[in-house]
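Summary of structural features
Chain by chain, the residues:
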Amino acid sequence: AVREFTGGEALSDLTVILGNVRRDEVPETEKTVVLGKCARRLAHLGLFAQGCPPMCEDIIRTICEATGSDADMVIASLNQERNRRWEDTKHLLSR
């Protein structure tokens, strides 16, 4: 959804850190997002989303903040797509 609103450029040079990684495994970039409890010791390298795992919306908002994207628009787009998929497939449950 971020690509839909930015043409994908916002995601270029984005570094996402998650899990138990060593500092020397992380490249230096301007746009760094650190996700979750396991990676929190590297939170000083960028924007941090807490949790184990972080909530989906928190991840989206953190990535959007790092990329300068509109988080509310991205979340609304994802919700519309989720609803469309539900409408397209809910009939399968009645079989």
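For the structure itself, look to the data block above.
To keep things clear, this report deals only with the structure shown in the data block.

What counts and how
- Residues numbered from 1 in each chain as written.
- Predicted model: local features only at pLDDT ≥ 70, side-chain atom pairs only at ≥ 80, totals over all residues.
- Heavy atoms only, no water.
- Helix = DSSP H or I, 4+ residues; strand = E, 2+ residues; numbered from the N terminus.
- Rg over C-alpha atoms; globule rule 2.2 N^0.38 Å.
- Buried < 20%, exposed > 50% of the residue type's maximum accessible area, 1.4 Å probe, protein only.
- Pairing = 2+ DSSP bridges.
- Salt bridge = Lys/Arg side-chain N within 4 Å of Asp/Glu carboxyl O.
- Axes fitted to C-alpha atoms, helices over the stretch in contact; angles between N-to-C directions.

1. What to know about the overall build of the protein
Secondary structure summary: the protein contains three helices and three strands in total. In sequence order, the protein lays out its α and β elements as α-β-β-β-α-α. For 95 residues, the compact-globule estimate of 2.2 N^0.38 gives 12 Å, and the C-alpha radius of gyration of the protein, at 16 Å, exceeds that figure by more than 25%. When its C-alpha atoms are laid out on the principal axes, the protein stretches across 50 × 30 × 20 Å.

2. Brief notes about the side chain of T67
Structurally, T67 is set in helix α2 (residues 56–67). Judged by its relative accessible area of 13%, T67 falls in the buried class.

3. Description of the pairing of strand β2 (residues 31–35)
Along β2, five of the five residues are buried, which leaves the element largely enclosed by surrounding structure. Alternating residues of β2 divide into K31, V33 and L35 and T32 and V34, and every residue in both groups is buried. With five bridges connecting them, strand β1 (residues 14–18) and β2 associate as parallel partners. The partner of T15 across the bridge, within β2, is T32. Where β2 meets strand β3 (residues 47–49), three bridges bridge the pair, whose relative direction is parallel. Opposite L35, over in β3, you have A49 as the bridge partner.

4. A look at the pattern of salt bridges
Two side chains bearing opposite charge may form a pair once their charged atoms approach each other closely. Summed over all chains, the structure comprises nine salt bridges. For E28, the salt bridge is made with R23, and the minimal N-O distance between the two is 2.0 Å. Take E28: its relative accessible area is 65%, and that puts it in the exposed class. Looking at R23, the relative accessible area reads 31%, which means it is partly exposed.

5. Considering the sheet that holds β3
The strand order across the open sheet formed by three strands is β1-β2-β3, and the pairing between neighbours is parallel. Single-partner strands in this sheet number two, and they are β1 and β3. For this sheet, the mean angle separating the axes of adjacent strands, direction not counted, is 20 degrees.

6. Regarding unusual backbone geometry
Along the chain, C52 connects to P53 via a cis peptide bond; the corresponding omega equals -5 degrees. Here P53 is to be found in the loop between β3 and α2.

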